[in-house]
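A structural walkthrough
In case you want the letters, here they are:
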Number of protein chains: 2
Amino acid sequence: MSASHTPEDVHDRCAHCVGRRLSVCSSIDDCDLAILANESSRMTVSDGRSFIEEGAPANDFFVVTGGRVKLFTLLPDGRRQITGFAKGGDFLGLAASTSYAFGAEALGGATLCRFPHAGMQRLTERFPSLEHRLREEASRELALMQARMTLLGRKTARERVATFLIERCQNLEKPDLSHPVELDLPMPRTDIADYLGLTIETVSRILSAFKKEKLISIRSITHITLLMPERISTIAEGME
Amino acid sequence: MSASHTPEDVHDRCAHCVGRRLSVCSSIDDCDLAILANESSRMTVSDGRSFIEEGAPANDFFVVTGGRVKLFTLLPDGRRQITGFAKGGDFLGLAASTSYAFGAEALGGATLCRFPHAGMQRLTERFPSLEHRLREEASRELALMQARMTLLGRKTARERVATFLIERCQNLEKPDLSHPVELDLPMPRTDIADYLGLTIETVSRILSAFKKEKLISIRSITHITLLMPERISTIAEGME
DNA sequence: TACCAGACTTGATTCAGGTCAATGTGATGG
DNA sequence: CCATCACATTGACCTGAATCAAGTCTGGTA
């Protein structure tokens, strides 16, 4: 019998998880971690594999514990809107009643912690603060989506790309725009385009234009440095 | 001293409210209505008046008890994205952490019930099911927003207007698309345009086109009949 | 070291929807 | 009953981003 089933290890699984620090799990006391661990299970998803099917019955919540994930909705003819990128600590599955309102797939490999709805309900009954934490998470997400709707409905292509770059900065631990910022863009251009409601050609052209204007430097496809973050931020708000 | 301050009347105020049937208040038992009433206050907002300022400190939740309300975000230069229309029973204020992520104003006069955050917290502590209900509300809203992002990011003008018409149908009590449907559009074209990420001219042109194609008939500016709701629905999904 | 496949960039052209400019309409009030 | 005003519609034209079509770069592999 493997050691991985002892209570201590189950406890540790949660104790050392990013979700413990960042996600809804932070609303649970250390001494109760075993209960949390018992209601959840780990899973690994390899690059490009889908683990939430849009429209499928919504049976689970997920916490991203490692890697990255993209969320999207599709139109019948294949047009795709990426509604968000998730990273370690992010909570997935709130935008669902009986069926998921979005699909999800791994972006370069991801690890997840899965909470079946039934287990989550047992947890929220036992730890009422968890329910509050879930609502906070939903509120935060709602506020982000308001901004994204403004982006998609009212911003120009240039403003969208600038907004995207600034958003990536704000995902960093030190969101300081007063100095150059090095960014890692783990997603392909196609995903950026589908996130911004543009085509890949337009995204590419605008990044090239920013480079020509010395606003950014492109060290490699995935590695971009914002040379003038504050100017980019100004562009993002439509005030250039 | 007016009778309006007796406990019975306070109770009645909630008992006869649309929110009682439709909104988060439905998670409270009849016998506790006085407690609910005590944490809330009624207010009236006249046409076009704003009652939530985007970016202002978020101190209250609101339930729409009558009339209609529009929610929006603004860019510094005045471009506006309407993020939703709310009607009787709808809950407002979840998309806010410390400050509101959106502005709100009445569309032709509205009545609201205001819940200060502090009072709402007392209520959720006393009635844990209310917290759950708030989360459900947030989830419902999140699912709607996913669809709206797809609309704004990936649909054509024609598909957007068709989607808007179908959404209006689904707000009705009998969402039956197999027969002609009479719709009331209480909002001006400007608002429809800002909701769909289009200009008012484009909205107007597409409605005229739908009329020419015998998909709708326009009885007056605010009164439209969908003659072939299912065909409009097909257009809305991009499958025409 | 050269080849290949997939992802990205760049250029030329097109077109959906925006902008600008009349014109129409219907509610209100003198 | 007409003038006014705000809103909506329609038309002519323009433009930002999409589409179509070559290139180019990169990393893997033989």
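Remember, predicted model here, so these are calculated numbers, not experimental data.

1. As for the interface of chain A and chain B
Opposite the 43 residues of chain A that make contact, chain B presents 43 residues. Between chain A and chain B, roughly 3,800 Å² of surface is buried when both sides are summed, and carbon and sulfur atoms account for 62% of that area. For chain A, the biggest contributors to the area lost against chain B are R135(A), M149(A) and R154(A); these three give 22% of the whole. Inspection of the region where chain A meets chain B yields six salt bridges. With its nearest N and O atoms 2.8 Å apart, the salt bridge here joins R154(B) to D194(A). Counting across the interface, chain A meets chain B through 22 residue pairs in polar contact (both at pLDDT 80 or more). With 17 residues, the top contributor of residues to the side of chain A that touches chain B is helix α5 (residues 128-154) of chain A. Taken together, the residues of the side of chain A that touches chain B sort by class into 19 nonpolar, 12 polar and 12 charged.

2. Comments concerning the state of the cysteines
All names here are of chain A. Taken as a whole, this structure holds zero disulfides over all chains when the rule is applied. Among the cysteines around C25, which has no disulfide bond, C17 carries the closest sulfur, lying 6.1 Å off. Take C25: its relative accessible area is 7%, and that puts it in the buried class. Take C31: it sits in no disulfide, and the sulfur closest to it among the cysteines is that of C14, at 13 Å.

3. Examining the domain arrangement of chain A
Put simply, an interface is often sized by how much accessible area is lost when its parts join up. All names here are of chain A. Domain annotation for chain A reports domain 1 (3-151) and domain 2 (155-236). The distance between the C-alpha centroids of domain 1 and domain 2 comes to 27 Å. The interface of domain 1 with domain 2 comprises 13 residues on the first partner and 16 residues on the second. Around 1,200 Å² of area is buried between domain 1 and domain 2 when both sides are counted, 56% of it from carbon and sulfur atoms. Broken down residue by residue, the surface that domain 1 buries against domain 2 is led by R80, F85 and L151, which jointly contribute 51%. Residues D191 and R80 are paired through a salt bridge, measuring 2.7 Å at the closest nitrogen-oxygen approach. Remark: the boundary between domain 1 and domain 2 carries eight residue pairs in polar contact (both at pLDDT 80 or more). Broken down by secondary-structure element, the contributors of at least two residues to the side of domain 1 that touches domain 2 are β3 (60-74), β4 (80-87) and α5. It is β4 that contributes the most residues to the side of domain 1 that touches domain 2, seven residues altogether. For the side of domain 1 that touches domain 2, a count of residues per class yields four nonpolar, four polar and five charged.

4. Some details on the protein's contact with DNA strand C
Around DNA strand C, a shell composed of 16 residues is seen, among which S204(A), S208(A), A157(B), T202(B) and R205(B) lie nearest. Sugar plus phosphate: this is where 64% of the atoms of DNA strand C within 4 Å of the protein reside. The contact in question runs from a phosphate oxygen of DNA strand C to an N or O atom on the backbone of A157(B), over 2.7 Å. The biggest single contributor to the surface near DNA strand C is helix α8 (residues 200-212) of chain A, with five residues. The residue inventory of the surface near DNA strand C, partitioned by class, reads five nonpolar, six polar and five charged.

5. Observations concerning the packing of helix α6 (residues 157-171) of chain A against helix α7 (residues 189-196) of chain A
Residue and element names in this part refer to chain A. For the pair α6 and α7, the least separation of the axes is 10 Å and the interaxial angle reads 110°. The pairing of α6 with α7 is recorded here as roughly perpendicular in orientation. Pair α6 / α7 crosses with right-handed handedness. Contact residues: α6 offers R160, V161, F164 and E167, while α7 offers I192, Y195 and L196. Looking at side-chain class alone, the contact of α6 with α7 contains five nonpolar, no polar and two charged residues.

6. Structural notes on the pattern of salt bridges
Residue and element names in this part refer to chain B. Applying the stated rule across the entire model yields 34 salt bridges over all chains. When the shortest N-O distance is used, the salt bridge between E105 and K70 registers 3.7 Å. With a gap of 35 residues between them, E105 in strand β6 (residues 103-116) and K70 in strand β3 (residues 60-74) connect regions that are remote in the sequence. Given a relative accessible area of 17%, E105 falls into the buried group. Look at K70 and you get buried, because its relative accessible area is 8%.

The rules we used
Residues numbered from 1 in each chain as written. Chains lettered and ligands numbered in written order. Predicted model: local features only at pLDDT ≥ 70, side-chain atom pairs only at ≥ 80, totals over all residues. Heavy atoms only, no water. Contact = heavy atoms within 4.5 Å. Buried area = accessible area lost by both parts, 1.4 Å probe. Salt bridge = Lys/Arg side-chain N within 4 Å of Asp/Glu carboxyl O. Polar contact = N/O pair within 3.5 Å; in protein donor to acceptor, adjacent residues only side chain to side chain. Helix = DSSP H or I, 4+ residues; strand = E, 2+ residues; numbered from the N terminus. Nonpolar A, V, L, I, M, F, W, Y, C, P; charged D, E, K, R; others polar. Disulfide = S-S within 2.5 Å. Buried < 20%, exposed > 50% of the residue type's maximum accessible area, 1.4 Å probe, protein only. Domains from an automatic or database assignment. Near = heavy atom within 4 Å. Axes fitted to C-alpha atoms, helices over the stretch in contact; angles between N-to-C directions. Parallel < 35°, antiparallel > 145°, perpendicular 65-115°, else oblique. Left-handed = near helix turned anticlockwise from the far one by under 90°.

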